[in-house]
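Chains, contacts and geometry: an overview
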Amino acid sequence: MKGERTRAIHLGEDPLETQHGDIVPPIHVAVTFAKKSVRDVESGYVYSRTSNPTRDVLERKLAGLERGKCGFAFSSGLAAEATILLSILRSGDKIVALDDLYGGTKRLFRILEGRFGVRVRYVDATNLHALEKAVGEGARIVWIETPSNPLLKIVDIREAARIAHESGAFLVVDNTFATPVFQKPLTLGADIVIHSATKYLSGHSDILAGAAVAVEEELCEGIGFMQNALGAVLSPHDSWLLLRSIKTLPARMRIHESNAKTIAEWLERDDRVEKVYYPGLSSHPGHDVARRQMAGYSGMVSFEIKGGPEVAVRFVESLRLFHLAESLGGVESLVEIPSLMTHASVPREERLRLGIGDSLIRMSVGIEDVEDLISDIETALKRAFEQ
Ligand SMILES: *Cc1c(COP(=O)(O)O)cnc(C)c1O
């Protein structure tokens, strides 16, 4: 199986291995499994927190798509992150992280800093010299997100892996925005890939889930041990639903990308727009690295609108097809203003230093017909500038 669409559908599944030849993996709801003899109590499935047949199918598919050896499904992206962190860190260890990380990840890091003496150093990891310097002072984990949120910064994964490994650190890559369809960090040297599967992997804004995939035996064992110890596993029903979603992931991603690219180019030509952030545009500072390490640029577009924050608010409130909501990655288009919504808890000065201005708008471009989306944007822009 070479093709991404074939793999998304068939990986990890074999109907002939099910009891009745089910074309779709059955949902195994049992939490415990009966044995014939006390001699077998440790064999096969024992208890569903440790492993469950439906979750297993999903975990095999996740591992295969990311080109890893072991996959793990969690009850949310943050549950996956917490499990990874606890399986690797000791008190006093240091994390070097991209400055533009998902807010919930930074909150987890703050807890580790405050209560367990873990040291966290944020750097603009698009600057490899800055990253090298920070990691050179000792680190246990290098944690990056690429493309990042909301500025879609691109970090060179191969170089970040080299820098991490030279200092004996693990590289963790949050691959939520790219998905394995467009980027496979493990093939570029990363040690662990994590996902908020709530986003593109689910794709329908109806599952909260997380995923982690690793290659190395020791990491696989450590994560599996901690997954069972903490117990933030994905339920059998949600595992089945996520399996169903992933079968259309490559097909969906292709449309997300082509719509996002069309919209990014359209916005870049419009003189009411100050600046567009999309890694597929040659004007994007990370474009060359993105072209090397990604097979596509995914479906997120951010831009700064002219006229100030009031115009930004009028614009997002005038859109009809783009719903005003946090989150991303679903088939329906969403829009938000990071300074007022997803990043409202970041102090303004820090936000501005990161480049997240008050007039920045983030769009999760869905898979609707792009002509309809552009006509929605066009109408909302007119309304926003009329008043
Ligand atoms: C949403 C998100 C998370 C957190 O995932 P949950 O499923 O909401 O717990 C982590 N990283 C990124 C990049 C995200 O967008």
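Calculation notes
- Residues numbered from 1 in each chain as written.
- Predicted model: local features only at pLDDT ≥ 70, side-chain atom pairs only at ≥ 80, totals over all residues.
- Heavy atoms only, no water.
- Disulfide = S-S within 2.5 Å.
- Helix = DSSP H or I, 4+ residues; strand = E, 2+ residues; numbered from the N terminus.
- Buried < 20%, exposed > 50% of the residue type's maximum accessible area, 1.4 Å probe, protein only.
- Arc of directions from axis to C-beta.
- Polar contact = N/O pair within 3.5 Å; in protein donor to acceptor, adjacent residues only side chain to side chain.
- Core = buried A, V, L, I, M, F, W, Y, C linked by side-chain atoms within 4.5 Å.
- Domains from an automatic or database assignment.
- Contact = heavy atoms within 4.5 Å.
- Buried area = accessible area lost by both parts, 1.4 Å probe.
- Salt bridge = Lys/Arg side-chain N within 4 Å of Asp/Glu carboxyl O.
- Nonpolar A, V, L, I, M, F, W, Y, C, P; charged D, E, K, R; others polar.

1. What to know about the state of the cysteines
Scanning the entire structure with this criterion turns up one disulfide. Residue C70 pairs covalently with C220 via a disulfide, S to S 2.0 Å. Across the S-S bond of C70 and C220 the torsion is about -85 degrees, and the bridge reads as left-handed. Taken together, the positions of C70 in strand β1 (residues 70-74) and C220 in helix α8 (residues 217-230) put the pair 150 residues apart, joining distant regions of the chain. The exposure class assigned to C70 is buried, which follows from its relative accessible area of 12%. With a relative accessible area of 10%, C220 lands in the buried category.

2. Points about helix α5 (residues 128-136)
Each α-helix turn comprises 3.6 residues. Residues three or four places apart therefore point the same way. Of all the residues in α5, the buried ones are L131, A134 and V135. For α5, the buried positions fall inside an angular range of 95 degrees around the axis, keeping them on one side. What points out from α5, more than 90 degrees from its buried face, is the exposed set H129, K133 and G136. The N-capping residue of α5, defined by a side-chain oxygen 3.0 Å from the backbone nitrogen of H129, is N127.

3. Description of the nonpolar core
With 83 residues, the main nonpolar core has I95, W143, I144 and L171 as its most contacted residues. No fewer than three residues from each of domain 1 (4-246) and domain 2 (249-386) sit in this core. With residues near it in sequence (within four places) discarded, I95 still touches L85, L89, F109, L112, V118, R119, V120, R121, I141 and W143. If you look at the next biggest cluster of nonpolar residues, it comprises 36 residues, including Y297, F303, L373 and I374.

4. Section: the domain arrangement of the protein
Per the domain assignment, the segments making up the protein are domain 1 (4-246) and domain 2 (249-386). Between domain 1 and domain 2, the C-alpha centre-to-centre distance is 27 Å. Contacts between domain 1 and domain 2 engage 34 residues on the former and 38 residues on the latter. For the pair domain 1 and domain 2, the summed buried area comes to about 3000 Å², and 63% of that belongs to carbon and sulfur atoms. Per-residue buried area on domain 1 facing domain 2 is highest for L151, F182 and Y200; these three make up 27% of the total on that side. Counting across the domain 1 and domain 2 interface gives two salt bridges. We note a salt bridge from K106 to E350, for which the minimum N-O separation is 3.8 Å. At the surface where domain 1 touches domain 2, the tally comes to 16 residue pairs in polar contact (both at pLDDT 80 or more). Counting residues per element, the ones that place at least two in the side of domain 1 that touches domain 2 are α1 (4-10), α6 (157-166), α7 (179-182) and α9 (236-246). Class assignment of the residues belonging to the side of domain 1 that touches domain 2 gives a composition of 17 nonpolar, nine polar and eight charged.

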